[in-house]
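Listed here are the chains, written in short residue letters.
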Amino acid sequence: MSGPKAYYVTTPIYYVNDKPHIGHAYTTLACDVLARFKRLDGFDVKFLTGTDEHGQKVEKSAAAAGVAPKDFTDRVSQNFRDLAAFMGYTNDDFIRTTEERHYRSVQALWNKLVEKDEIYLGSYAGWYAVRDEAFFAESELTTRPDGKKIAPSGAEVEWVEEPSYFFRLSQWGDRLLAFYDANPDFILPPSRRNEVMSFVKGGLQDLSVSRTSFKWGIPVPGDDAHIMYVWLDALTNYITAVGYPDDKSDSYRRYWPADLHMVGKDIVRFHAVYWPAFLMAAGLEPPKRVFAHGWWTNEGQKISKSLGNVIDPVKLVETYGLDPVRYFLLREVPFGNDGDFSHKAMIGRLNGDLANDLGNLAQRSLSMIAKNCGGAMPEAGPLTDEDKALLDDAGRLLGDVRSRLDVQAFHEALDRIWLVVRAANAYVDRQAPWALRKTDPARMATVLSVLAETVRNLALILQPFMPTSMGRMLDQLAAPTSARTFASFGPDHATAAGTPLPKPEGIFPRFVEEEAGKGDS
Ligand code: MSP
């Protein structure tokens, strides 16, 4: 296939029994940054998100709200679309499992599995947690003081006995292990890979993939009494969106296998065990990577509806601004680890990294140009070793950031970028261009042009993280919109001397503590 290289990245599809919260915003944000980066880096990107709308939990939530399941999911699914627009996410598609294209896809996958003798009819008895949409072994349960049995997540379980179709997962253990061995980066970070591998080595049992105890789902072809297991239904969204069951379509051949399924650590088993097993069993290729990120706590506490400490991403953005929130979430915690949200840490990053380091670098460089160079890009004279060192350091950013993002190490990418921000601030202090104005204006012009070029490269590479503010920074540097991809990275694409620059304005105001909205903590 010709044309730019494809890059397909997906978020989990979100349950519609809940309001979007920081966890949802976080997973999609990470994908958005990757999607934007890859687009600027010349890839043909497909970025998918959506909603997971079937299952007993949704059926129960709809009944509790007194509406039909479809009306209920229409309403809640819209909240997730609204969040995506509000957060500036650039998803190319939004899939809903209640769509016709998805019914067709899931039923085709089912038929394929039946045709390959990977599914059989049996009966199921076991402990089922509606909240987790999962079965548990007796040994995984604990008993509450009131005698109720509880899953590890804290969800109540009930004893369920019903006829069920089974997927022959028990036959796939060795092939999965061979697949993990052949693809050491299939599951990242490595701690999750180890966890998954020991789960598979512990032995897999056949998986119950249909239910007769509720109605809200996709019926099993040819046996309407059965509704498909919600995870089989949900996982299939990733191929529906690229055109399955038409696996000869341009779109399927172009984008499948997906480059990355981004997920939270709680759902890694579904994505790294069941999903590749379903796909291989159907004769389809497994995805290239599953990355499991960690969970946020709020000021040291587990986030939960019952504790009333759910972080609303909309409030957060209203308080601190969209780009600072995007920056904070990916900078504060090594991606893959759990992290703690606190207003103090958020304000620290906003005032320290953004206002003092990056904002101040841009602001002082550009206002010196405005004041001392007639508001136009200064002309560089001969470069000193120090000038070259800074420009080279900035020039290496693209390769360095690309390689960090290729393993989803957002925090390392930002760390690397801030080395240049700090080096540039130290350079300004040492060169003291304000003092050169009288003594050596030609040298001052060189220093300011080195700074302008450094800031331009910083703004280019930071666009995926902070698209709006970096867009403004590039406006202030008179970078034409056609020169904002990574093809324009590096000294060969510097803004020409003499180009008039607009009046500079601060981009990251310092945050004064009293303004902090405490309502969302
Ligand atoms: N519907 C399934 C996914 C099916 S994908 C084929 C699901 N949905 S979910 O809405 O419950 O969760 C979506 C994502 O939010 C998960 O990746 C989960 O890890 C993430 N988070 C939920 N709470 C979170 C935090 N407190 N912190 C970070 N992410 C968290 O699971």
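Residues numbered from 1 in each chain as written. Predicted model: local features only at pLDDT ≥ 70, side-chain atom pairs only at ≥ 80, totals over all residues. Heavy atoms only, no water.

1. Comments concerning the sheet that holds strand β2 (residues 44–52)
For the record, the criterion: A strand pair is defined by DSSP finding two or more bridges across the two strands. Only DSSP runs of H or I reaching four residues or more are called helices, and only runs of E reaching two or more are called strands; each is numbered from the N terminus.
Taken together, the six strands give an open sheet; going across it, the order is β3-β2-β1-β14-β15-β9, and neighbouring strands pair in parallel fashion. Since the sheet does not close on itself, it has two edges, and those belong to β3 (93–96) and β9 (187–188), each with one partner. One ladder, built from two bridges, connects β9 with strand β15 (residues 290–293); its direction is parallel. By the bridge assignment, L188 is partnered in β15 with F291.

2. As for the domain arrangement of the chain
Cut-off, in case you're wondering: What marks off one domain from the next here is an automatic or database domain assignment. Values labelled buried area give the accessible surface lost by two parts on being combined, using a 1.4 Å probe and summing over both.
Domain boundaries assigned for the chain yield domain 1 (6–294) and domain 2 (343–493). Spacing between the C-alpha centres of domain 1 and domain 2 amounts to 42 Å. Both sides together, the interface formed by domain 1 and domain 2 hides about 1,300 Å², and carbon and sulfur atoms give 68% of it. Considering only the side of domain 1, the residues that lose the most area to domain 2 are V33, F37 and L40, jointly responsible for 48% of the buried surface there.

3. Digging into the site of the ligand
Using the following cut-off: A molecule or strand has a residue near it when one of that residue's heavy atoms lies within 4 Å. Polar contacts, as counted here, are pairs of nitrogen or oxygen atoms within 3.5 Å of one another; within protein the pair requires one atom able to donate a hydrogen and one able to accept it, and residues that are adjacent in sequence qualify only if both atoms are side-chain atoms. Methods summary: accessible areas were calculated by the Shrake-Rupley approach with a probe of 1.4 Å, and residue burial reflects only the protein chains presented.
Around the ligand lies a shell of 22 residues, among which I13, D52, G264, D266 and W296 are the nearest. A distance of 3.3 Å separates an oxygen atom of the ligand from a polar side-chain atom of H24. Protein burial of the ligand: of its 670 Å² of free accessible surface, 94% is covered by the chains. Of all the elements in the fold, those that place two or more residues in the shell around the ligand are β1 (6–15), α1 (22–40), α7 (230–235) and β14 (260–264). Considering each element in turn, the shell around the ligand owes the most residues, four residues, to β1.

4. As for the packing of aromatic side chains
We count it as follows: Pairing of aromatic rings covers Phe, Tyr and the six-membered ring of Trp, with a centre-to-centre limit of 6.5 Å; geometry is then stacked below 30 degrees between planes, edge-to-face above 60, and tilted otherwise. As a reminder, the over-ring test applies to NZ of lysine and CZ of arginine, requiring each to be within 6 Å of the ring centre and within 35 degrees of the ring normal.
Going through the model one piece at a time under the given rule, you end up with 28 aromatic pairs. An angle of 75° between the planes, with centres 6.3 Å apart, marks the rings of W256 and W275 as edge-to-face. Residue W256 is located in the loop between α9 (250–255) and β14, and its partner W275 is located in helix α10 (residues 268–281); the two are separated by 19 residues in the primary sequence. One aromatic cluster in this structure is built from Y26, F291, W296, F328, F335, F341 and F410. The ring of Y15 has K57 sitting right over it, with the charged end atom 4.0 Å from the ring centre. One cation-aromatic arrangement involves R175 over W172; the distance from NZ or CZ to the ring centre is 3.5 Å.

5. Overview of the pattern of salt bridges
Between side chains of opposite charge, a pair can form as their charged atoms come close. Rules: Within this document, salt bridges are pairs made up of a side-chain nitrogen of Lys or Arg and a carboxyl oxygen of Asp or Glu, the two lying within 4 Å of each other. Note on classification: 1.4 Å probe, protein chains only; a residue is buried when its accessible area is under 20% of the maximum for its type, exposed when over 50%, partly exposed between these limits.
In this structure the tally under the stated criterion is 37 salt bridges. Across the pair R192 and E195 runs a salt bridge, and its minimum N-O distance is 2.7 Å. A residue pair is termed a helical-turn pair when its members lie 3 or 4 positions apart in one helix, as R192 and E195 do in helix α6 (residues 190–201) at three residues. Classification of E195 as partly exposed rests on a relative accessible area of 37%. The shortest N-O distance in the salt bridge between D415 and R331 comes to 2.7 Å. With D415 in helix α16 (residues 410–431) and R331 in helix α12 (residues 322–331), this pair connects stretches of sequence that are 84 residues apart. Using a relative accessible area of 37% as the deciding quantity, one classes D415 as partly exposed. Among the charged side chains, a network of salt bridges with common partners joins K46, D93, E99 and R101.

6. Re the environment of A497
To keep things clear, this is the line we draw: Throughout, a residue-residue contact means that at least one pair of heavy atoms, one from each residue, lies within 4.5 Å.
Residue position: A497 is located in the segment after α19 (467–476). Sequence-distant contacts of A497, that is, excluding residues within four places in its chain, are made with M377, P378 and E379.

7. What to know about helix α3 (residues 69–86)
As a reminder of what qualifies: One less than the number of residues in a helix, times 1.5 Å, gives the span that helix is expected to have. Throughout, the arc means that of the directions going from the helix axis to the C-beta atoms.
Along its 18 residues, α3 runs 26 Å from first to last C-alpha, staying within 8% of the 26 Å computed at 1.5 Å per residue. Regarding α3, the residues found buried are F72, T73, V76, S77, F80, L83 and A84. Along the axis of α3, the buried residues cluster in a sector spanning 120°; they form a single face. Buried residues belonging to α3 abut β1, α1, β2, α2 (56–65), β3 and α11 (313–320). G88 sits one or two positions beyond α3 and adopts a positive phi of about 75°.

8. Looking at the sheet that holds strand β11 (residues 210–211)
If you walk across this open sheet you meet the three strands as β11-β13-β12, and the pairing is antiparallel. Every interior strand has two partners, whereas the edge strands, β11 and β12 (219–220), have only one. Here two bridges tie β12 to strand β13 (residues 223–228), and the two strands are oriented antiparallel to one another. For P219, the partnering residue across the bridge sits in β13 and is I227.

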